[in-house]
Amino acid sequence: MNELTRWLRAQPSLTGSPPPLDPSDLPADPVTLFETWIRHAADAGVAEPRATTLATADAGGRPDARTLILKGVDADGWQFAGPRSSAKGAQLAENPAAALNFWWQPVLRAVRVRGAVREAAPDESAADIAGSPAGALLAPGDWVLWRLVPERIEFWQGSPDRRHTRIVFTRDGEHWNREL
């Protein structure tokens, strides 16, 4: 084992403080649970609670990931944006599926969202970039607001004793199934 590996293994993990979680008292809708969790993370002082890792893959299946800011969440999907001309835009054009991963270390919570990705209407994309200094640097129509339409959402709460809790929502038509 090299020195870096020894050092990595000696570092503490799961050092945050998870809030109480009663699995019998969960909403049936994952968007409602996400709102509760992200607001709790912000209230607990988590820096940048909207920051998320977006994972995409190109047409050949090679994965890629980057950090971005969540723009919104509603019944139509989880919104993020960027230039169509970016690597992200090219990958989503080739393979319109993605995953988001949120990690709120101080509260030992993570959320993973996976599904198909669709472009929002052009007027929604234009409204998203309106007033931003970045808008002046882009060609007309290059800014895109995308929606990840989830098929699976996993809420994970860590525990220092390694008895983690996973709450998984899977889409069944217009309804969600939930399991622990």
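Model, not experiment: these values are computed from the prediction.

Cut-offs applied
- Residues numbered from 1 in each chain as written.
- Predicted model: local features only at pLDDT ≥ 70, side-chain atom pairs only at ≥ 80, totals over all residues.
- Heavy atoms only, no water.
- Helix = DSSP H or I, 4+ residues; strand = E, 2+ residues; numbered from the N terminus.
- Buried < 20%, exposed > 50% of the residue type's maximum accessible area, 1.4 Å probe, protein only.
- Contact = heavy atoms within 4.5 Å.
- Core = buried A, V, L, I, M, F, W, Y, C linked by side-chain atoms within 4.5 Å.
- Salt bridge = Lys/Arg side-chain N within 4 Å of Asp/Glu carboxyl O.

(A) How the structure looks around the overall build of the chain. When you go through the chain residue by residue, the secondary structure sums to four helices and nine strands. Across its three principal directions, the C-alpha atoms of the chain cover 50 × 45 × 35 Å. Taking all 180 residues of the chain together, the buried fraction comes to 37%. In the chain, the proportion of contacts linking residues at least 24 apart, taken out of those at least 6 apart, comes to 61%.

(B) Here's a closer look at the nonpolar core. F34, W78, W104, V111 and F155 are the most contacted members of the largest nonpolar core, which has 29 residues in total. Of all the elements in the fold, those that place two or more residues in this core are α2 (30–43), β4 (77–83), β5 (97–104), β6 (109–119), β7 (143–157) and β8 (165–172). Setting aside residues no more than four positions away along its own chain, W78 makes contact with F34, L70, G72, V73, L100, F102, V113, W146, R147, L148, P150 and I153. Counting residues in hydrophobic clusters, the runner-up holds five residues, among them A81, A120, I129 and W143.

(C) Looking closely at the pattern of salt bridges. Tallying each qualifying case throughout the model produces nine salt bridges. One salt bridge in this structure joins E124 and R147, with 2.6 Å as the shortest N-O distance. One end of the pair, E124, is in helix α4 (residues 122–129); the other, R147, is in strand β7, and 23 residues separate them in sequence. For E124, a relative accessible area of 29% translates into the label partly exposed. Take R147: its relative accessible area is 11%, and that puts it in the buried class. Of the charged contacts in the structure, one is a salt bridge between E154 and R166, with a shortest N-O distance of 2.7 Å. Of the two residues, E154 sits in strand β7 while R166 sits in strand β8, which places them twelve residues apart along the sequence. Look at E154 and you get buried, because its relative accessible area is 5%. Judged by relative accessible area, which is 42%, R166 ranks as partly exposed.

(D) Representation of unusual backbone geometry. Its identity as a non-glycine residue notwithstanding, L14 has a phi of 50°, on the positive side. Within the element layout of this structure, L14 appears in the loop between α1 (3–10) and α2. Although it is not a glycine, L108 sits at a positive phi angle of roughly 50°. Relative to the helices and strands, L108 resides in the loop between β5 and β6.

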